[in-house]
Amino acid sequence: MRHCIYPGTFDPITHGHLDVLARATKLFDRVTVAIALDTTKDPLFSADERVEMIQPNVACYKNVRIVTFSGLLVDFARKQKAAAIIRGLRALSDFEFEFNMALMNRHLDEDLETIFVMPNEQFSYTSSSLVKQIAKLGGDMAHFVPPNVASELKKKFAV
Ligand code: COA
């Protein structure tokens, strides 16, 4: 069984993340969406809220599950017996950060590969923080996030 981990903060999940996930499900027998609790970010949504927002959007895949994890990604991946980490590369600007992270992870675990896929170009400028900013200022998020996520964002920023 080829198993990969799709890690991220997913605060919140966007159509761009879901595009990467759809590609991962075709490449691997099993995909674990892994919400990292140890990041440098200060998330708007709790880990449970993020799991709940992702759930209905991955229900169509039989080979996807969602978990949260703390500690190092490589340790988590090793425990899960995953063969690879999958990450999306939206644009050249993602490259340096992703390159550093992939090399650091390789240094920590030589056997764990990082595989990059390119999401559809219509999502190349989507990011969770821009979506949150649009939501906060009352803009239309329909192009960037699924309806359940848009509705949770609206609730967060309701006055
Ligand atoms: N579509 C849309 N947006 C995308 C995207 C895509 N396909 N791919 C990335 N993004 C955006 C996200 O929206 C997010 O935007 P933001 O910065 O505005 O919030 C940003 O790119 C990256 O977010 P995400 O994909 O959720 O990943 P991340 O960079 O937050 O994840 C971890 C980093 C969780 C993988 C990393 O911190 C980690 O591994 N943590 C565990 C601890 C550890 O092992 N640390 C050592 C790492 S070497």
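Source: prediction; values computed, not measured. Every chain is numbered independently, its residues counted from 1 as its sequence is written. The predicted origin of the model limits local features to residues at a pLDDT of at least 70 and limits the giving and counting of side-chain atom pairs to 80 or more, whereas totals for whole chains, interfaces and linings rest on all residues. Water and hydrogen atoms were dropped before computing side-chain values, which therefore reflect all heavy atoms in the structure.

**Notes on helix H6 (residues 147-157)**
Worth spelling out the cut-off: Think of it in three bands: with a 1.4 Å probe and only protein chains considered, a residue is buried below 20% of the maximum accessible area for its type, exposed above 50%, and partly exposed in between. Strands are runs of DSSP state E lasting at least two residues, helices are runs of H or I lasting at least four, and both sets are numbered from the N terminus onward. Taking the helix axis as origin, the arc is that swept by the directions to the C-beta atoms.
Among all positions of H6, only Val149, Ala150 and Leu153 are buried. For H6, the angular spread of the buried residues around the axis is 100°, confining them to a single face. Residues of H6 that are exposed and point over 90 degrees away from its buried face: Pro147, Lys154 and Lys155.

**As for the site of the ligand**
As a reminder of what qualifies: When we say a residue is near a molecule or strand, we mean one of its heavy atoms is within 4 Å of it. Pairing of N or O atoms within 3.5 Å defines a polar contact, subject to two protein rules: one partner must be a possible hydrogen donor and the other a possible acceptor, and residues neighboring in sequence count only if both atoms are side-chain atoms. Calculation of accessible area relied on Shrake-Rupley with a 1.4 Å probe; when residues are assessed, cover is drawn exclusively from the protein chains displayed. Cavity and pocket criteria rest on a 1 Å grid covering protein atoms alone: a 1.4 Å probe that fits but cannot get out defines a cavity, protein on both sides within 12 Å along at least 5 of 7 lines defines an open pocket, and an atom within 4 Å of a point defines a lining residue. Any molecule with more than half of its atoms within 2 Å of a cavity's or pocket's grid points is regarded as sitting in that cavity or pocket. We call Asp, Glu, Lys and Arg charged. Ala, Val, Leu, Ile, Met, Phe, Trp, Tyr, Cys and Pro are nonpolar, and the rest, Gly among them, are polar.
In the vicinity of the ligand lie 27 residues, with Thr9, Lys41, Leu73, Ser128 and Ser129 positioned nearest. For the ligand, an oxygen atom lies 2.9 Å from a polar atom in the side chain of Lys41. Interatomic distance of 3.2 Å between a backbone N/O atom of Thr126 and a nitrogen atom of the ligand. Expressed as a share of its isolated accessible area of 940 Å², the protein-covered part of the ligand is 85%. One can see that the ligand is located within the largest pocket. For the shell around the ligand, the secondary structure elements donating two or more residues are strand S1 (3-8), helix H1 (15-27), helix H4 (92-108) and helix H5 (128-136). Considering every element that reaches the shell around the ligand, the biggest residue donor is H4, with four residues. Here the shell around the ligand is composed, by residue class, of eleven nonpolar, twelve polar and four charged.

**Some thoughts on the layout of surface pockets**
Our working definition: Grid points are joined across faces, edges and corners, and a volume is the space filled by probe spheres set on the points.
Roughly 1,100 Å³ of internal volume is contained in the largest pocket. Residue lining of the largest pocket: 38 residues in total, with Gly8, Thr9, Lys41, Arg87 and Phe97 positioned closest to the centre. Breaking the lining of the largest pocket down by element, the ones donating at least two residues are S1, H1, strand S4 (84-88), H4 and H5. Looking at the lining of the largest pocket, the element that brings in the most residues is H4, giving seven residues. Of the residues contributing to the lining of the largest pocket, the split by class is 15 nonpolar, 14 polar and nine charged.

Keep in mind these numbers describe shape, not what the thing actually does.
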